[in-house]
Amino acid sequence: MERYDVAVVGGGPAGMSAAWEAARRGAEAVTLEKGVPREDRDRLGPDSTDAAGILDYWVDIMNIEYERIPDEVIHRQLDGTDFIGPSEEFAMDTTGIDSSYPNFGFTFHRARFDDWLRDEAESAGAEYRVGVSVVDVETNRGDGPRHLVELRDGDEIGADFLILADGPQRQVTNRVLDRYMPAEESITDYLGTTHANHIAYQEYREIPEELFDESRLKFWWGYIPGETAYPWVFPNDGRVARVGLTMPIGLGIDDVENPTDYVLVDEDDEQLPSPREYLRRLLEHEYDVETDFPVVEDRGKQNGTETYPISSTRPIDSPTGAGILVAGGAMGTTSAFHEGGDHVAIRTGKIAGELAANGDISAYNDRWKAAIGDEITRNVTFADIVEEYGPADWDRTFSVASDLTAPDEGKLIDWELRSGFSAMKLLSTYKRTKFSYRNGKYVQFPESKYDI
């Protein structure tokens, strides 16, 4: 049996940040990653699904100096985001949240970013093992290290602290945490893979120069049916963009009220289109030209495409009394509305690694709430508000947002009449919903419920 101070399961942003922080504080840390191949990566690494990018204040949440991120990781500096409804649009040029980062944000190459985090962790002294699978974890052993991690190849790793960071699939996390659940309960009731009720699909497309917007993210709302279902375009390097969407799993056309109200659903559709067909219709509708948007086949997971599930959940606390910390997507910080969040994963991982290296993890649940609580509250609040939105709701919301941010001079009275009541109603709904999650009530399974 090999001995370490800290064993980390999962080599994504949360896991590598945990190992990096633990190692730089003097702990013996090892990260265990199963590893998957990608078209745009020369070595095995984590399931590095490309994210939209990083917003300005997310840089501060990550607590990483932006200047340290290598140039080859960054695709584009962003000026803003466009939210497009069936008949209304809203341009957001600032997040409205103070930050140290000077621009709106940036898009980046996720696989290179993960590899950079790995390199930083290894440079700090952490060990990274890829191509290994964790089959079991034995905890609270009488002698020796507190945790015994069993690998599929028969090797065993002993560690004083265990950090679970295996992403939203939680294949190891769920097995480990189930041993500390109250009678008749399972952690899968809260973080089961059945909660991965949305799927994201994206294609790497080459956009004609005259149509390529290199500095803005674009989201289309009210175009496809389903809870928080939306297509997007994210600019990458050159003239390549990620054209994708998020949509519910298992939603049928008979489940949708007035399906043809949605822009990308046709009257003769007998079933809802596939993700690939939705994107074809999006490009045809939005650019209104007969042109080719070729798929760039050496990008993404396979042949220029990526498909991945989204676990729509709220976060859980960790059983710190058992010497176990859960970070990033494994702790349930993803949702269909805002998807994942590398910034949240990195920050929770860094906190977990710091506390494990210091030998006292009791403050973890308080620390991560202090660091990312405001972000989680915003996300779950917005997700609740838009859960039942249809096309008309998105148009109304974007109209109000546009009027509130930039009313035309000389039209103040008209602006008050058009948007005043709607704005008050929208703001009231947001405040009321957000208030319901005050004091960490967004946590769906608190530490006090674990049976340790």
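- The name given to the protein chain in an unreviewed UniProt entry is NAD(P)/FAD-dependent oxidoreductase, with the source organism recorded as Natranaeroarchaeum aerophilus.

Describing the overall build of the protein chain
Argument step 1. Helices and strands together make up the secondary structure of the protein chain, namely ten helices and 17 strands.
Argument step 2. In terms of overall size, the protein chain behaves like a compact globule, its C-alpha atoms giving a radius of gyration of 23 Å where 452 residues would be expected to give roughly 22 Å.
Argument step 3. Oriented by its inertia axes, the alpha-carbon framework of the protein chain measures out at about 75 × 45 × 45 Å.
Argument step 4. Approximately 19900 Å² of the protein chain is accessible, and the part contributed by carbon and sulfur atoms is 44%.
Argument step 5. Side chains of the protein chain carry 45 positive and 87 negative charges; the gap between the two charge centres is 5 Å.

Some thoughts on the packing of aromatic side chains
Argument step 1. For the structure on display, the rule yields 23 aromatic pairs.
Argument step 2. Their ring planes at 20 degrees and their centres at 5.8 Å tell us that phenylalanine 83 and phenylalanine 219 sit as a pair that is stacked. Of this pair, phenylalanine 83 sits in strand 5 (residues 80-84) while phenylalanine 219 sits in strand 13 (residues 216-220), and the two are 136 residues apart along the sequence.
Argument step 3. The class for phenylalanine 83 is buried, based on a relative accessible area of 17%.
Argument step 4. Here the aromatic rings of tyrosine 230 and tryptophan 232 are separated by 5.9 Å at their centres, their planes lie at 50 degrees, and the arrangement is tilted. Pair check on accessibility: tyrosine 230 and tryptophan 232 agree, each one buried.

What about the confidence of the model for the protein chain?
Argument step 1. Residue-level pLDDT values for the protein chain average 88, and 90% of them are 70 or greater.
Argument step 2. Within the model, pLDDT remains below 50 along residues 407-419, and this stretch shows seven contacts once partners closer than five positions in the same chain are excluded.

Let's talk about the sheet that holds strand 15 (residues 240-248)
Argument step 1. Strand order in the open sheet made by the seven strands is 6-5-13-14-15-12-16, with mixed pairing throughout. The outermost strands of the open sheet, each flanked by one partner alone, are strand 6 (89-92) and strand 16 (305-310). Between one strand axis and the next, the sheet turns through 15 degrees on average, direction left out of account.
Argument step 2. Looking at chain direction, strand 12 (residues 198-206) and strand 16 are connected through six bridges and run antiparallel. Note that in strand 16 the partner of histidine 198 across the bridge is isoleucine 310.
Argument step 3. Helix 6 (residues 275-287) contacts strand 12, strand 13, strand 14 (230-235) and strand 15 of the sheet and is inclined by roughly 125 degrees relative to strand 15.

Side note on the side chain of histidine 75
Argument step 1. Looking at where histidine 75 falls in the secondary structure, it is placed in strand 4 (residues 74-78).
Argument step 2. There is a polar contact of 3.5 Å between the side chain of histidine 75 and the side chain of aspartate 237.
Argument step 3. In this structure histidine 75 touches Thr107, Phe108, His109, Pro235, Asn236 and Asp237, once residues within four positions along its chain are discounted.

Thoughts on the sheet that holds strand 3 (residues 54-55)
Two modes of strand pairing occur in sheets, parallel and antiparallel, and in both the strands are linked by backbone hydrogen bonds.
Argument step 1. Spatially, 3-7-4 is the arrangement adopted by the three strands of the open sheet, whose pairing is antiparallel. For this open sheet the edge positions go to strand 3 and strand 4, each flanked by a neighbour on one side alone.
Argument step 2. Two strands pair when backbone bridges link them, and strand 3 and strand 7 (residues 105-108) are joined in this way by two bridges, in the antiparallel orientation. Directly across from isoleucine 54, in strand 7, lies its bridge partner phenylalanine 106.

A look at helix 7 (residues 342-358)
Argument step 1. The end-to-end C-alpha distance of helix 7 is 24 Å, a good match for the 24 Å that 17 residues give at a rise of 1.5 Å each.
Argument step 2. Counting buried positions along helix 7 gives 14 out of 17 residues, so the element sits mostly inside the fold.
Argument step 3. Positive backbone phi, at 85 degrees, marks glycine 359, one or two positions downstream of helix 7.

Focus: the pattern of salt bridges
Argument step 1. Tallied over the full model, the rule gives 37 salt bridges.
Argument step 2. A salt bridge links aspartate 115 to arginine 41, with the shortest nitrogen-to-oxygen separation between them at 3.3 Å. Here aspartate 115 is found in helix 3 (residues 110-123), whereas its partner arginine 41 is found in the loop between strand 2 (29-33) and strand 3, with 74 residues between them in sequence. The same class applies to aspartate 115 and to arginine 41, which are both buried.
Argument step 3. Here glutamate 277 makes a salt bridge to arginine 281, at a shortest N to O gap of 2.8 Å. In this pair, glutamate 277 and arginine 281 are both assigned in helix 6, four residues apart and thus about one turn of the helix distant.
Argument step 4. Connected via shared salt-bridge partners are Asp266, Asp269, Glu277, Arg280, Arg281 and Glu284.

Regarding the environment of isoleucine 54
Argument step 1. Examined against the element boundaries, isoleucine 54 turns out to sit in strand 3.
Argument step 2. Taking the C-alpha atoms as reference points, isoleucine 54 and valine 443, 389 residues apart in sequence, are found 24 Å from one another.
Argument step 3. If near-sequence neighbours (up to four positions away) are discounted, isoleucine 54 is found in contact with Val59, Met62, Phe104, Gly105, Phe106, Phe108 and Asp342.

Here is what the cut-offs are and how they apply
Residues numbered from 1 in each chain as written. Predicted model: local features only at pLDDT ≥ 70, side-chain atom pairs only at ≥ 80, totals over all residues. Heavy atoms only, no water. Helix = DSSP H or I, 4+ residues; strand = E, 2+ residues; numbered from the N terminus. Rg over C-alpha atoms; globule rule 2.2 N^0.38 Å. Areas by Shrake-Rupley, 256 points an atom, 1.4 Å probe, with all protein chains shown as cover. Lys, Arg positive; Asp, Glu negative; His and termini not counted. Charge placed at Lys NZ, Arg CZ, Asp CG, Glu CD. Phe/Tyr/Trp six-rings, centres within 6.5 Å; stacked < 30°, edge-to-face > 60°. Buried < 20%, exposed > 50% of the residue type's maximum accessible area, 1.4 Å probe, protein only. pLDDT = per-residue confidence, 0-100. Contact = heavy atoms within 4.5 Å. Pairing = 2+ DSSP bridges. Axes fitted to C-alpha atoms, helices over the stretch in contact; angles between N-to-C directions. Polar contact = N/O pair within 3.5 Å; in protein donor to acceptor, adjacent residues only side chain to side chain. Expected span 1.5 Å × (residues − 1). Salt bridge = Lys/Arg side-chain N within 4 Å of Asp/Glu carboxyl O.

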